[in-house]
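Okay, here's what each chain looks like letter by letter:
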Amino acid sequence: MNALNLLMSQIRKVIFDNFNDVDTRFNNDQVLELLKRDEAFDQTITIDDLESQFVKIEDDGLVRCIAQNFTTKWFKLYEKMEQLNCSSCNGVVFLGNDESKICYNDECGATL
Ligand SMILES: [Zn+2]
């Protein structure tokens, strides 16, 4: 799994574990803070490093940006997320209920 792909699954897991509610507002700073509670997480990662990942989950239809204040972006989920197991790569994926059911783990891309 490459670094960007790992980051994507870590971000999605944090959102699933902490903000899996369509009425909850959350922001990128909160996500990064939660990621950094895991000592195994690369502590040098900054909010700028996450920017392309947040663009991706907006494009994928997981979240929408509802407000922005400098580098802080506020989001809401379109739909609740679910945890799925991919039988092709044995990976765990976290997808919004109306997202395409496609495994985002590196070099997998199986339809779930
Ligand atoms: Zn897979």
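Everything that follows concerns the structure shown earlier in this document.
Residues numbered from 1 in each chain as written. Predicted model: local features only at pLDDT ≥ 70, side-chain atom pairs only at ≥ 80, totals over all residues. Heavy atoms only, no water.

S.K.: What's the story with the side chain of Asn 27 in this structure? I'm lost.
M.R.: Within the secondary structure, Asn 27 sits in strand E1 (residues 26-27). A distance of 2.9 Å separates a polar atom in the side chain of Asn 27 from the backbone nitrogen of Asp 29. Apart from residues no more than four positions distant in its own chain, Asn 27 is found in contact with Thr 72, Lys 73 and Trp 74. (Helix = DSSP H or I, 4+ residues; strand = E, 2+ residues; numbered from the N terminus. Polar contact = N/O pair within 3.5 Å; in protein donor to acceptor, adjacent residues only side chain to side chain. Contact = heavy atoms within 4.5 Å.)

S.K.: Could you clarify how one ought to interpret the coordination of the zinc ion in this entry?
M.R.: Coordination angles at a metal have ideal targets, namely 109.5 degrees for four tetrahedral donors and 90 or 180 degrees for six octahedral donors. For the zinc ion, the full set of protein donor atoms is Cys 86 (SG), Cys 89 (SG), Cys 103 (SG) and Cys 108 (SG), and the range of their distances to it is 2.2 to 2.4 Å. Look at where the donors of the zinc ion fall in the sequence and you get C-x2-C-x13-C-x4-C. Residue Cys 89 is classed as partly exposed on the basis of its relative accessible area of 32%. (Donors = N, O, S within 2.8 Å, 3.2 Å for Na, K, Ca; no water. Buried < 20%, exposed > 50% of the residue type's maximum accessible area, 1.4 Å probe, protein only.)

S.K.: I keep staring at the sheet that holds strand E3 (residues 72-77) and nothing clicks. Help me out?
M.R.: Remark on secondary structure: sheet strands pair via backbone hydrogen bonds, oriented parallel or antiparallel. Here we have 3 strands laid out as an open sheet, ordered E1-E3-E2, and antiparallel in their pairing. Since the sheet does not close on itself, it has two edges, and those belong to E1 and strand E2 (63-69), each with one partner. Pairing between E2 and E3: 6 bridges, direction antiparallel. By the bridge assignment, Ala 67 is partnered in E3 with Trp 74. (Pairing = 2+ DSSP bridges.)

S.K.: Teacher, can you tell me more about the pattern of salt bridges here?
M.R.: When the charged atoms of two side chains with opposite charge come close together, those side chains can pair. Counted by the stated rule, this structure contains 7 salt bridges. Residue Glu 33 pairs with Arg 37 through a salt bridge whose shortest N-O separation is 3.7 Å. Relative accessible area serves as the criterion here: at 62%, Arg 37 is assigned to the exposed category. A salt bridge links Lys 56 to Asp 60, with the nearest nitrogen and oxygen atoms 3.0 Å apart. Among the residues examined, Asp 60 registers a relative accessible area of 30% and is labelled partly exposed. In the salt-bridge network here, residues are joined through shared partners; they are Arg 12, Lys 56, Asp 60 and Glu 99. (Salt bridge = Lys/Arg side-chain N within 4 Å of Asp/Glu carboxyl O.)

S.K.: Explain helix H2 (residues 28-36) to me, please; I cannot follow it from the model alone.
M.R.: In an α-helix, one turn spans 3.6 residues, which is why side chains three or four residues apart end up on the same side. Those residues of H2 that sit buried are Asn 28, Val 31, Leu 32, Leu 34 and Leu 35. Seen from one end, H2 has its buried residues packed into an arc of 160°, which puts them on one side. Capping the start of H2 is the job of one residue whose side-chain oxygen sits 2.9 Å from the backbone nitrogen of Asp 29: Asn 27. (Arc of directions from axis to C-beta.)

S.K.: Can you help me understand the pairing of strand E5 (residues 92-96) in this one?
M.R.: Looking along a regular strand, one sees the side chains alternate between the two faces of the sheet. Within E5, 4 of the 5 residues are buried, which leaves it mostly tucked inside the rest of the structure. Relative to E5, strand E4 (residues 81-85) is paired through 5 bridges, and the arrangement is antiparallel. Directly across from Gln 83, in E5, lies its bridge partner Phe 94. Following E4, the chain reverses through 6 residues before pairing antiparallel with E5; Asn 90 in that reversal takes a positive phi of roughly 60°.

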